[in-house]
Amino acid sequence: MRSRIALAALAVTALAATATACGPDNSDGPAAVGGAPTTAAPAAAPTSAAPTTAPPAAAPTSAAPSKSAKPSTPAPGAGDKTGSGQACRANDLTFSAKLETQAGGYVQISAKAKPGITCILSGEHPVIAFGSGGIEAANAEQTVGTPITLSGSTVAYAGINPKSTNTNQAIEFKDVIIGIGKGDPNPVSIPVGALRVDKPVVTNWHTSAKDAVPGV
């Protein structure tokens, strides 16, 4: 009987030892329940980027108002002379023409300054031409006359003999072109009626109409 009990005790002891040897290996397992809990590191708070502030807009630049340029005064030209001592040009003057019977017939040219103009007319003869071909009148006088100041009602006269020859050869024109000096940029054309022209001549300017008769 005692031997059976001893055998049974040995068997229990062996079973206990076996159970202990085959138990689970806890070396790599989770920590024991009674151990301190492992606390995970808190997640980093999200970094909020500082808001980008746009630079303030540049204040609009107001351009200083430009000063208005003073209007330039045009240089005086022909036809706008107001002071004395300036040479006359054709467009400073008003012309008229009429046929005269004296000395075999001639054309009397008269010239007056336009309103507000005072200018000096040379004592030489006017430049007289006929037609687009430019048949020009020669000087009927041998000397130069006295310069004439034209202003207001003062009148200057010149006489044109359109045909100084005795032949039947002639060209007919109805207008005469008048310039003051060779360099006149604005000669004037005026009607004179039908004229037979051949080697015309013209006097100097005179203040008296009787002194402006060609051939006398």
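Bear in mind that the values here come from a model prediction, so they are computed numbers and not experimental data.

Draft legend 1. The arrangement of the side chain of Gln108 in detail. With respect to the helices, strands and loops of the structure, Gln108 is situated in strand β2 (residues 106-113). By relative accessible area, Gln108 is classed as buried at 10%.

Draft legend 2. Up close: the environment of Val201. Note that Val201 resides in strand β11 (residues 201-202). Residues Val201 and Gly215, spaced 14 residues apart in sequence, show a C-alpha to C-alpha distance of 9.3 Å. Beyond its immediate sequence surroundings of up to four residues, Val201 is in contact with Ala137, Ala138, Ala140, Gly159, Ile160, Asn161 and Ser164.

Draft legend 3. Representation of the state of the cysteines in the model. Counted under the stated rule, the structure contains 1 disulfide. Paired through a disulfide, Cys88 and Cys119 show a sulfur-sulfur distance of 2.0 Å. Because the torsion about its S-S bond is 95°, the bridge between Cys88 and Cys119 counts as right-handed. Of the two residues, Cys88 is situated in the loop between α1 (2-21) and β1 (93-100) and Cys119 in strand β3 (residues 119-121); the sequence distance between them amounts to 31 residues. A single burial state applies to Cys88 and to Cys119, both of which are buried.

Draft legend 4. View of the sheet that holds strand β5 (residues 135-136). Read across the sheet, 4 strands follow the order β5-β4-β9-β10 without closing on themselves; strand pairing throughout is antiparallel. Strands with a single pairing partner mark the edges of an open sheet, and in this sheet they are β5 and β10 (188-197). Across 3 bridges, strand β4 (residues 127-130) lies against strand β9 (residues 171-179) in antiparallel orientation. Among the inter-strand pairings, Val127 is bridged to a residue of β9, identified as Gly179.

Draft legend 5. Representation of the pattern of salt bridges within the structure. Counted under the stated rule, the structure contains 2 salt bridges. Glu100 is the salt-bridge partner of Lys98, the closest N and O atoms lying 3.4 Å from each other. For Lys98, a relative accessible area of 45% gives the class partly exposed. Here Lys182 makes a salt bridge to Glu136, at a shortest N to O gap of 2.5 Å. Residue Lys182 is found in the loop between β9 and β10, and its partner Glu136 is found in strand β5; the two are separated by 46 residues along the sequence.

Draft legend 6. Broad picture of the packing of aromatic side chains. Summed over all chains, the structure comprises 1 aromatic pair. Between Phe130 and Phe173 the ring centres are 6.0 Å apart and the planes differ by 35°, which places this aromatic pair in the tilted class. Placement of Phe130 in strand β4 and of Phe173 in strand β9 is noted, with a sequence separation of 43 residues between them. With respect to burial, Phe130 and Phe173 carry one shared label: buried.

Draft legend 7. Region of the structure containing the environment of Asn139. Within the secondary structure, Asn139 sits in strand β6 (residues 138-139). Overall, Asn139 belongs to the partly exposed group, its relative accessible area being 33%. Here the side chain of Asn139 touches Glu141 through a polar contact of 2.9 Å, landing on its backbone oxygen.

Draft legend 8. Fine view of the environment of Val107. Position of Val107 relative to the elements: it lies in strand β2. Relative accessible area serves as the criterion here: at 2%, Val107 is assigned to the buried category. Linking Val107 and Pro162, residues 55 residues apart in sequence, is a C-alpha distance of 7.6 Å. Not counting the four nearest positions on each side in its chain, Val107 is found in contact with Ala97, Lys98, Leu99, Ala158, Gly159, Ile160, Val192 and Leu195.

Draft legend 9. Summary view of the nonpolar core. If you look at the biggest cluster of nonpolar residues, it comprises 29 residues, and the most contacted ones within it are Leu93, Phe95, Ile109, Leu121, Val176 and Trp205. Looking at this core, the elements with two or more residues in it are β1, β2, β3, β4, β7 (148-150), β8 (155-161), β9 and β10. Not counting residues within four places of it along the chain, the set of residues in contact with Ile109 comprises Phe95, Ser96, Ala97, Ala156, Tyr157, Ala158, Ile160, Val176, Ile178, Ile190 and Trp205.

Rules of the game
Residues numbered from 1 in each chain as written. Predicted model: local features only at pLDDT ≥ 70, side-chain atom pairs only at ≥ 80, totals over all residues. Heavy atoms only, no water. Helix = DSSP H or I, 4+ residues; strand = E, 2+ residues; numbered from the N terminus. Buried < 20%, exposed > 50% of the residue type's maximum accessible area, 1.4 Å probe, protein only. Contact = heavy atoms within 4.5 Å. Disulfide = S-S within 2.5 Å. Pairing = 2+ DSSP bridges. Salt bridge = Lys/Arg side-chain N within 4 Å of Asp/Glu carboxyl O. Phe/Tyr/Trp six-rings, centres within 6.5 Å; stacked < 30°, edge-to-face > 60°. Polar contact = N/O pair within 3.5 Å; in protein donor to acceptor, adjacent residues only side chain to side chain. Core = buried A, V, L, I, M, F, W, Y, C linked by side-chain atoms within 4.5 Å.

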